[in-house]
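Residues per chain, in single letters:
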Amino acid sequence: MDTIARRFETIRAHTEILAAPLTPEDQCVQSMPDASPAKWHRAHVTWFFEEFILRSSRENYRVFDEDFRFLFNSYYEAVGARHPRPMRGLLTRPEASRIADYRAHVDEAMSRLLPRAPPDTMKLVELGLHHEQQHQELILMDAKHLLSLNPLKPGYRAGPVAPSQGAATPLAWRDFEGGLVEIGHNGEDFAFDNEGPRHRVWLEPFALASRPANCREYLAFIEDGGYRRPEFWLSAGWDCVNQRGWTAPLYWEQDGASWRVFTLSGLQPLDPAAPVCHVSGFEAAAFAKWAGKRLPREAEWEAGVSALEDTGIVWEWTASPYVAYPGYREPAGAIGEYNGKFMANQMVLRGGCSATPAGHVRPTYRNFFPPDTRWMFGGIRLAEDLR
């Protein structure tokens, strides 16, 4: 119990550390419907513990504010009505200080509960902590998008970005024989329900790039007319190029003959050796086709991850749709809405990124987004067939 109590305290405190560089004004604004204000993230992850653990506990818990059940529910239909997602930025009230009080109220109640919580409750606590770590990454994703739209281009944090080292190395290839392999989570350690059950997959011989594609390589795609040549694009991706005016990854800006990129430290010169980041699944697939390669399937990525370099810098798009594994069953109750209900029209990404909290990613972790989204830290690792 002491271990999870310490983890609870550490992870909850880290959320506040991530939010600290943002002003109360920053924390209220919603830059687009897909993003959420930092204040909302801080409240929602607190709502999770209150709604799924404290309300049903026998600790005589006093609900902080009944209105919060409506304001900070994300998508759990079984819980009830909720404030519309695209309108979260209109919640100027409750103010940021009241959200801090809410977090303190729930944390104090959880500290009383944890020493004597039964095993089923502890499983929910573990899920809630990993859920909060997901939102820690979202806080950075959403804050970066918000600040990029400010004409002053303020940085989330001060200081220059350190030059990339690993991606400056020549690209090499790792060959794999394929055959019958097992993927998916199997064991007592935590995993989200969509990571299992473990099952067998047949793979034809394949190769994976040793590292993610870097900005120098992606710039060559741009300079070769990559955004003007429909032969590289899936049809829906080509529609995005034309309808949304894509000419480069999100946050890239051309400055005369050179390029700059908006980072969490503000505008910086483009680092050619850094992994290309903030590309959509459509851009990743187009780049791969231009390079004469393809994107990896998620089973290939998982089977080969131990031989790869520079994982965890950018989420790596795969060619695999986000669907259930054979034998998957959604958990009962509202918790069953966590992953299974989103298994349509999304693609899987693997590997984690620089904004992912330490210890949160494992080889079986399945991230997922629609293929036209770019504000997550999405990048590219190439693959090819060996037959």
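Here, every reference points to the structure presented above.
Here is what the cut-offs are and how they apply
Residues numbered from 1 in each chain as written. Predicted model: local features only at pLDDT ≥ 70, side-chain atom pairs only at ≥ 80, totals over all residues. Heavy atoms only, no water. Helix = DSSP H or I, 4+ residues; strand = E, 2+ residues; numbered from the N terminus. Expected span 1.5 Å × (residues − 1). Buried < 20%, exposed > 50% of the residue type's maximum accessible area, 1.4 Å probe, protein only. Arc of directions from axis to C-beta. Contact = heavy atoms within 4.5 Å. Phe/Tyr/Trp six-rings, centres within 6.5 Å; stacked < 30°, edge-to-face > 60°. Lys NZ or Arg CZ within 6 Å of the ring centre and 35° of its normal. Pairing = 2+ DSSP bridges. Core = buried A, V, L, I, M, F, W, Y, C linked by side-chain atoms within 4.5 Å.

Participant: Looking at this structure, how should I read helix 5 (residues 96-113)?
Facilitator: Three- or four-residue spacings in an α-helix give side chains the same orientation, since the helix completes a turn every 3.6 residues. Between its first and last C-alpha atoms helix 5 spans 26 Å; for 18 residues at 1.5 Å apiece the expected length is 26 Å, and the two agree. The set of residues buried in helix 5 consists of Ile99, Tyr102, Arg103, His105, Val106, Ala109, Met110 and Leu113. For helix 5, the angular spread of the buried residues around the axis is 160°, confining them to a single face. Buried-residue contacts for helix 5 involve helix 1 (2-19), helix 3 (38-54), helix 4 (68-71) and helix 6 (119-148).

Participant: For this particular structure, what's the right way to read the packing of aromatic side chains?
Facilitator: What characterises a pair of aromatic rings is the spacing of the ring centres plus the angle enclosed by the ring planes. Under the criterion given, the structure shown has 33 aromatic pairs. With 5.1 Å between their ring centres and 75° between their planes, Phe8 and Phe49 make a pair best called edge-to-face. Here Phe49 lies in helix 3 and Phe8 lies in helix 1, a separation of 41 residues in the sequence. In terms of burial, Phe8 and Phe49 fall into one category: buried. An aromatic cluster of at least three residues, connected via ring pairs, comprises Phe8, Trp47, Phe48, Phe49, Phe52, Tyr75, Tyr76, Tyr322, Phe342 and Phe368. Just above the ring of Trp40 sits the side chain of Arg88; from NZ or CZ to the centre is 3.6 Å. Sitting over the ring of Phe262, Lys153 keeps its end group 5.9 Å from the ring centre.

Participant: Where do I start with the sheet that holds strand 8 (residues 315-321) in this structure?
Facilitator: Where strands meet in a sheet, backbone hydrogen bonds hold them as pairs that are either parallel or antiparallel. Taking strand neighbours across the sheet as the criterion, the four strands line up as 10-9-8-11 in an open arrangement whose pairing is mixed. If you trace the sheet from one side to the other, it starts and ends with strand 10 (367-369) and strand 11 (378-379), each paired once. Direction of pairing for strand 8 relative to strand 9 (residues 347-350): antiparallel, over a ladder of three bridges. Along strand 9, the bridge assignment pairs Trp317 with Leu349.

Participant: Is there a simple way to think about the nonpolar core in this case?
Facilitator: General note: in soluble globular proteins, nonpolar side chains tend to be found buried as a group. If you look at the biggest cluster of nonpolar residues, it comprises 91 residues, and the most contacted ones within it are Phe72, Met110, Tyr218, Trp252 and Ile380. If we skip the residues at most four places from it in the chain, Trp252 touches Cys215, Tyr218, Leu219, Ile222, Trp259, Arg260, Val261, Leu270 and Val276. One finds Val181, Leu208, Trp301 and Val305 within the second-largest nonpolar core, a separate group that totals 13 residues.

Taken by themselves, the reported measurements are silent on function.
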